[in-house]
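A structural walkthrough
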2 protein chains.
Amino acid sequence: MAAAAAPPPPPTPAPEPALTLSQNTPLGHPIFTRIRLATPSDVPQLHKLIHQMAVFERLTHLFSATESSLSSTLFPSTTPTPQPFHSFTIFILEVSPTPFTDTPNNPFYNPTEKVVNLDLPVEDPERETFRVQNGNDVFIAGFVLFFPNYSTFLGKPGFYVEDLFVRECYRRKGFGKMLLSAVAKQAVKMGYGRVEWVVLDWNINAIKFYEEMGAKILQEWRICRLTGEALEAYGGAE
Amino acid sequence: MAAAAAPPPPPTPAPEPALTLSQNTPLGHPIFTRIRLATPSDVPQLHKLIHQMAVFERLTHLFSATESSLSSTLFPSTTPTPQPFHSFTIFILEVSPTPFTDTPNNPFYNPTEKVVNLDLPVEDPERETFRVQNGNDVFIAGFVLFFPNYSTFLGKPGFYVEDLFVRECYRRKGFGKMLLSAVAKQAVKMGYGRVEWVVLDWNINAIKFYEEMGAKILQEWRICRLTGEALEAYGGAE
């Protein structure tokens with residue numbers, strides 16, 4: 001559409017300005033985001049994130065993970081080392097007020113970057129706790145942990161999302177959807193048939209969010225869990 | 001307990017009889033059972049079992065697995081080959097009217113054998129379909145498919161049981177419990193924290209059976225599923 005009133009041309013060409021943020025990003029308060037695979041050096045911060053999740057869900061009495069148990073089970077030193085996407089896999093969401101200058105070198109996943117424009121800047125009270133080592137003002141904002149599951153009816157694998165968590169000050173900015181979308185995209189890339197997760201039936205906001213993302217909520221199925229002493233009893237059984 | 005009326009002793013010692021079934025097994029109709037890891041040669045029969053499961057659940061419209069898709073996803077030829085219990089894993093339940101003479105040689109799982117005494121012999125209308133190749137009167141009666149899942153709160157893996165199926169003529173004999181117990185026992189052996197699966201909320205008999213096995217039914221959680229076109233849409237998403 002033609003402009004209703006064209007401004008007059010500038011009298012002389014302005015000098016080429018230096019590359020500034022405002023020219024390459026939307027107006028407002030841009031935040032640079034990146035999704036990458038977790039590494040063993042993320043474990044201390046992952047442990048803190050999982051504890052925050054337990055607090056949020058009021059389930060700290062069920063929380064017994066340690067940095068050591070997370071490290072040995074998520075990044076085992078067994079040979080062969082489990083490949084990402086074929087075993088327990090974690091995407092880390094990093095944010096930064098400035099563009100990322102490094103590129104994580106991982107043969108299994110090319111990090112995805114996106115600039116998000118916020119109305120207000122984020123005040124992060126825990127920025128030092130979640131600052132990424134060797135990162136130039138890079139902070140961990142959330143994570144998603146997932147692993148393959150299998151559908152015998154489809155005759156193919158899928159992904160099961162065990163945890164999706166975004167730190168409180170970064171919520172309601174589309175970051176949860178970014179993390180879940182990254183899992184869905186990876187599933188499509190691998191030819192997988194499903195992405196599944198669970199939600200509490202009273203969490204209406206979450207259910208609405210998931211349905212808007214295209215998910216179906218299966219109302220008839222219930223989870224059965226054998227754990228603790230009831231599980232241990234099978235250890236010596238014939 | 002002493003016999004109420006002892007028969008007179010035989011006039012001469014009877015010759016040592018050949019080893020017969022009745023001397024080494026309970027009275028009645030013994031059936032020899034064995035749980036072993038599945039191999040690629042089980043795929044044709046596994047495909048039939050999964051189809052029978054779809055018929056039983058009236059979900060054949062969701063059944064699209066082929067022998068080829070099962071084979072390439074459950075027994076991939078990728079390097080390194082996924083290890084049993086660290087990826088999709090299948091226990092096969094074999095039955096035989098006579099003791100097993102061979103021993104499947106698998107470094108990851110030592111088959112478990114058990115003799116079960118039945119009131120009546122099993123009439124198996126599909127015995128030729130489910131006869132194990134090279135087996136001496138050995139038939140496949142059921143299977144369980146499971147794989148690792150992960151609890152961040154526990155900081156350790158568990159097993160998720162996707163399918164548990166026993167062919168109709170072998171039901172109500174404790175075989176389902178045997179298969180599920182074998183998974184639970186393996187979980188304990190590996191130091192895993194949970195065994196989980198799902199059940200339809202109207203399947204009262206199954207829920208009762210699982211509760212008797214020590215499982216808790218989680219009433220508040222609902223499964224969310226992203227599949228088909230809704231999933232494919234994420235393939236090209238930014």
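Described below are features of the structure shown in this document. (Residues numbered from 1 in each chain as written. Chains lettered and ligands numbered in written order. Predicted model: local features only at pLDDT ≥ 70, side-chain atom pairs only at ≥ 80, totals over all residues. Heavy atoms only, no water.)

Geometry of an aromatic ring pair is reported as the spacing of the ring centres plus the angle between the planes. Under the counting rule described, the total for this entry stands at 30 aromatic pairs over all chains. Both rings, one in Phe63 of chain A and one in Phe153 of chain B, keep their centres 6.3 Å apart while their planes meet at 75°; by these two values the pair is edge-to-face. Of this pair, Phe63 of chain A sits in the loop between helix H2 (43–56) and helix H3 (67–74) while Phe153 of chain B sits in the loop between strand E4 (139–151) and strand E5 (156–166), which puts the two residues in different chains. Owing to a relative accessible area of 16%, Phe63 of chain A belongs among the buried residues under this scheme. Among the aromatic residues, those joined into a cluster by ring pairs are Phe85, Phe91, Tyr109, Phe146, Phe159 and Tyr192 of chain A. A cation over a ring is seen here: Arg171 of chain A above Phe56 of chain A, with NZ or CZ 4.9 Å from the ring centre. (Phe/Tyr/Trp six-rings, centres within 6.5 Å; stacked < 30°, edge-to-face > 60°. Helix = DSSP H or I, 4+ residues; strand = E, 2+ residues; numbered from the N terminus. Buried < 20%, exposed > 50% of the residue type's maximum accessible area, 1.4 Å probe, protein only. Lys NZ or Arg CZ within 6 Å of the ring centre and 35° of its normal.)

Residue placement: Ala184 of chain B occurs in helix H4 (residues 175–189). Each C-alpha atom of the pair Ala184 of chain B and Pro121 of chain B lies 29 Å from the other, and the pair is 63 residues apart in sequence. Those residues in contact with Ala184 of chain B that sit more than four places away from it in its chain are Leu226, Leu231 and Tyr234 of chain A together with Val195 of chain B. (Contact = heavy atoms within 4.5 Å.)

Moving on, we get to the side chain of Ser151 of chain B. Among the secondary structure elements, Ser151 of chain B is positioned in strand E4. In terms of polar contacts, Ser151 of chain B uses its side chain to reach the backbone amide nitrogen of Phe153 of chain B, at 3.4 Å. Setting aside residues up to four positions removed in sequence, Ser151 of chain B forms contacts with Glu162 of chain A together with Lys156 and Arg194 of chain B. (Polar contact = N/O pair within 3.5 Å; in protein donor to acceptor, adjacent residues only side chain to side chain.)

With that settled, the discussion passes to unusual backbone geometry. Residues and elements named next belong to chain B. Unlike most non-glycine residues, Arg58 shows phi in positive territory, near 55°. Its location among the elements puts Arg58 in the loop between helix H2 (43–56) and helix H3 (67–74). Look at Arg172: it is not a glycine, yet its phi comes out positive at around 60°. Considering the arrangement of structural elements, one finds Arg172 in the loop between E5 and H4.

It is worth spelling out the relation of the copies chain A and chain B at this point. Relative to chain B, chain A is turned by 180° and slid 0.0 Å along the rotation axis, the superposed coordinates differing by an RMSD of 0.0 Å. Interpreted geometrically, this transformation is the action of a two-fold axis. Comparing interface residues between copies, 100% of those in chain A also sit at the interface in chain B, which points to an isologous, same-surface contact. (Least-squares fit on C-alpha atoms with pLDDT ≥ 70 in both.)

Turning to the interface of chain A and chain B, a few remarks are in order. Each partner contributes to the interface: chain A provides 71 residues, whereas chain B provides 71 residues. Approximately 6800 Å² of surface area, both sides summed, lies buried where chain A meets chain B, with 60% of it carried by carbon and sulfur atoms. It is Phe153, Arg222 and Arg225 of chain A in chain A that bury the most area against chain B; as a group they hold 14% of the surface buried on that side. Where chain A touches chain B, the interface holds four salt bridges. Viewed at the interface, chain B and chain A are joined by 32 residue pairs in polar contact (both at pLDDT 80 or more). Taken together, the residues of the side of chain A that touches chain B sort by class into 41 nonpolar, 16 polar and 14 charged. Where strand E8 (residues 221–227) of chain A and strand E6 (residues 194–200) of chain B come together, seven bridges link them in antiparallel fashion. What sits directly across from Ile223 of chain A, in E6 of chain B, is Val198 of chain B. (Buried area = accessible area lost by both parts, 1.4 Å probe. Salt bridge = Lys/Arg side-chain N within 4 Å of Asp/Glu carboxyl O. Nonpolar A, V, L, I, M, F, W, Y, C, P; charged D, E, K, R; others polar. Pairing = 2+ DSSP bridges.)

Taken in spatial order, the eight strands of this open sheet run E3(B)-E1(B)-E2(B)-E4(B)-E5(B)-E6(B)-E8(A)-E7(B), and their pairing is mixed. Of all the strands in the sheet, the pair left with one neighbour each is strand E3 (112–118) and strand E7 (216–218) of chain B. Within this sheet the neighbouring strands show an average axis-to-axis angle of 30°, counted without direction. Lying on the sheet, H4 of chain B is in contact with E8 of chain A together with strand E1 (29–37), strand E2 (89–96), E3, E4, E5 and E6 of chain B; it crosses E5 of chain B at an angle near 165°. Contacts from helix H5 (residues 204–212) of chain B reach E8 of chain A together with E5, E6 and E7 of chain B within the one sheet, and its direction differs from that of E6 of chain B by about 165°. (Axes fitted to C-alpha atoms, helices over the stretch in contact; angles between N-to-C directions.)

Strands sit in the order E3(A)-E1(A)-E2(A)-E4(A)-E5(A)-E6(A)-E8(B)-E7(A) across an open sheet of eight strands; the sheet is mixed. Single-partner strands in this sheet number two, and they are strand E3 (112–118) and strand E7 (216–218) of chain A. Here the strands of the sheet are splayed against their neighbours by 30° on average, with no regard to which way each runs. Bridge count between strand E1 (residues 29–37) of chain A and strand E2 (residues 89–96) of chain A: six bridges; the pairing is antiparallel. Note on E2 of chain A: the bridge partner recorded for Arg34 of chain A is Glu94 of chain A. Against the sheet, H2 of chain A contacts E2, strand E4 (139–151) and strand E5 (156–166) of chain A, and its axis sits at roughly 80° relative to E4 of chain A.

Residue and element names in this part refer to chain B. It is the contact of H2 with H3, at a shortest axis distance of 9 Å, that shows an interaxial angle of 115°. By the criterion of interaxial angle, the relationship of H2 to H3 is roughly perpendicular. For the pair H2 and H3, the sense of crossing is right-handed. In this structure, H2 contributes Val43, Pro44, His47 and Ile50 to the contact, and H3 contributes Glu67, Leu70 and Ser71. Within the contact of H2 with H3, the residues separate by chemical class into four nonpolar, two polar and one charged. (Parallel < 35°, antiparallel > 145°, perpendicular 65-115°, else oblique. Left-handed = near helix turned anticlockwise from the far one by under 90°.)

The next point concerns the state of the cysteines. Scanning the model with the defined rule gives zero disulfides over all chains in all. With no disulfide of its own, Cys224 of chain A lies closest to Cys224 of chain B among cysteine sulfurs, the gap being 17 Å. Using a relative accessible area of 0% as the deciding quantity, one classes Cys224 of chain B as buried. (Disulfide = S-S within 2.5 Å.)

Interpretation in functional terms is not warranted from these geometric data alone.
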